Amino acid sequence: MSLPKRSRVLGWGASVPDLIVTNDDLSEVVETSDAWIQKRTGIKERRYVDHADGSVVMGAKAAADAIEMAGLEPSDVDAIICCTLSPDIDFPGNASLLHDRLGISPRIAFDVRNQCSGFLYALATADQFVRTGGARHVLVVGSEVHSTGLDFNGARGRDVTVLFGDGAGATVVGPSPDDEHGLLSFKLHAEGAYADKLAVFGPSGRDKPRIKPERMPPEDPYFYPTMEGRFVFKHAVEGMTSVIRAVVDEAGFQVSDIDMVLPHQANLRINQFVALQLELEERQVSNNIERYGNTTAATLPLLLTETAAAGRVSRGDLVCFAAFGAGFTWGAALYRW
Ligand code: COA
């Protein structure tokens, strides 16, 4: 069997909860305002799950659409990679739960824990499987439920709480029938020295016992995300700008050749700064943060699904995915549509 030179996204899908939480809704429980959130982040609303549904249910819906669009049967999926920081249960990972829910039996199933860059890391991993023959069809699912783990206590944690929402997206990655279309190159980075700049510290395997009755929400913020916002912001702009330049350069193109950038959606202002530095016009950058907030590993497949549905990408277009997040981890992928 000859191995494909490139992998390609054969199908995609997304699923978001029905419940829309506007900034005004949030202002009723958190000390914030619609004006503050919109001015600083561009976010107008986000979705929250009904608590009966977790990231596996949402991910399964997105995955089913992606498999159908790829023209495949569920049994054609050889590998599942789930990216999430909000798995349904502590272990086993979402990939195991999802494969049971979808009723398929891939040979390979595992989770990637890389927060906002999770989907990019998973896409790059899927690409390796496909090109080396380790798997032919890889289902990559990003699914997040943030709403059950945010700090809704007045002013504490509000900088983080207003940013995040729930959602899922999925892609099926498989062999490209030709050498021109599909994933051209990717670049991934990590800087663990900044791990504590954006993190959830509890529960911790370093604590004995791991769960301490005296360390419980809502009084103790131990289980809520904490972030040095300005520090993260600065590094996100620098990281995404330079990695987009690098991935384009490596593939032998110029930034001006890019038809569409699909950037992670953490803050609209981050993406505007990146676009400014790269001299990209508004039509060359796709954003949907105003409706979903930051959905972490679900962001890129959700954005991909919506951007394609809106007809904003055409065959032959040069598309650049980019993401930055906790870890810090970041990266970019260049893709010929
Ligand atoms: N509503 C109202 N006021 C808020 C608020 C909220 N949700 N969150 C913070 N504030 C207040 C602060 O308390 C501070 O008040 P003070 O001046 O009286 O001390 C003021 O607003 C400014 O806070 P600051 O944190 O400096 O604001 P900022 O302009 O840096 O914006 C973020 C905060 C979080 C929006 C911004 O730093 C950011 O987006 N960072 C990166 C986020 C990110 O990318 N995260 C995920 C990476 S994947």
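The shown structure was predicted, so the numbers you read here are calculated from the model rather than taken from an experiment. (Residues numbered from 1 in each chain as written. Predicted model: local features only at pLDDT ≥ 70, side-chain atom pairs only at ≥ 80, totals over all residues. Heavy atoms only, no water.)

By secondary structure assignment, the location of asparagine 23 is in helix H1 (residues 23–27). Here the alpha-carbon distance between asparagine 23 and glutamine 38, two residues 15 residues apart in the chain, equals 8.3 Å. Here asparagine 23 is in contact with Asp34, Ile37, Gln38, Ile43, Lys44, Glu45 and Arg46, once residues within four sequence places are set aside. At 2.9 Å, the side chain of asparagine 23 forms a polar contact with the side chain of aspartate 34. (Helix = DSSP H or I, 4+ residues; strand = E, 2+ residues; numbered from the N terminus. Contact = heavy atoms within 4.5 Å. Polar contact = N/O pair within 3.5 Å; in protein donor to acceptor, adjacent residues only side chain to side chain.)

The environment of the ligand is made up of 22 residues, and the closest members are Thr32, Arg40, Gly229, Arg230 and Asn267. In this structure, an oxygen atom belonging to the ligand sits 3.2 Å away from a side-chain N or O atom of tryptophan 36. In this structure, a nitrogen atom belonging to the ligand sits 2.9 Å away from a main-chain N or O atom of glycine 229. Relative to its unbound accessible area of 950 Å², the ligand is 74% covered by the protein chains. For the shell around the ligand, the secondary-structure elements that each account for two or more residues are helix H2 (34–41), helix H6 (158–161), helix H7 (229–250) and strand S12 (318–325). It is H7 that provides the largest number of residues to the shell around the ligand, a total of four residues. For the shell around the ligand, a count of residues per class yields 10 nonpolar, seven polar and five charged. (Near = heavy atom within 4 Å. Areas by Shrake-Rupley, 256 points an atom, 1.4 Å probe, with all protein chains shown as cover. Nonpolar A, V, L, I, M, F, W, Y, C, P; charged D, E, K, R; others polar.)

Glancing now at the sheet that holds strand S6 (residues 138–144). In spatial order, the strands read S1-S7-S6-S4-S5; together these five strands make up an open sheet with mixed pairing. Single-partner strands in this sheet number two, and they are strand S1 (7–15) and strand S5 (108–112). On average, each strand axis in the sheet is inclined to that of its neighbour by 15°, with strand direction left out of account. Across the sheet, helix H3 (residues 55–69) lies against S1, S6 and strand S7 (167–175), angled at about 135° from S1, the strand it touches most. Against the sheet, helix H4 (residues 94–101) touches strand S4 (79–83), S5 and S6, its axis set at about 125° to S4. (Pairing = 2+ DSSP bridges. Axes fitted to C-alpha atoms, helices over the stretch in contact; angles between N-to-C directions.)

Segmentation of the chain into domains returns domain 1 (7–175) and domain 2 (182–199 + 207–336). Once you take the C-alpha centre of each, domain 1 and domain 2 turn out to be 14 Å apart. Contacts between the two partners involve 50 residues from domain 1, matched on the other side by 49 residues from domain 2. Between domain 1 and domain 2, the buried area comes to about 3800 Å², and carbon and sulfur atoms account for 65% of it. Remark: the boundary between domain 1 and domain 2 carries zero salt bridges. Taken together, the elements giving at least two residues each to the side of domain 1 that touches domain 2 come down to S1, H2, strand S3 (45–48), helix H5 (118–132), S6, H6 and S7. With seven residues, H5 is the single largest residue contributor to the side of domain 1 that touches domain 2. (Domains from an automatic or database assignment. Buried area = accessible area lost by both parts, 1.4 Å probe. Salt bridge = Lys/Arg side-chain N within 4 Å of Asp/Glu carboxyl O.)

As a further point, take the packing of H7 against helix H8 (residues 268–278). With their axes 9 Å apart at the nearest point, H7 and H8 run at an angle of 40° to one another. One element, H7, and the other, H8, form an angle in the oblique class. When you trace H7 past H8, the crossing you get is right-handed. Of H8, the residues touching H7 (which contributes Phe233, Ala236, Val237, Met240, Thr241, Ile244 and Arg245) are Arg269, Ile270, Asn271, Phe273, Val274, Gln277 and Leu278. By residue class, the composition of the contact of H7 with H8 is nine nonpolar, three polar and two charged. (Parallel < 35°, antiparallel > 145°, perpendicular 65-115°, else oblique. Left-handed = near helix turned anticlockwise from the far one by under 90°.)

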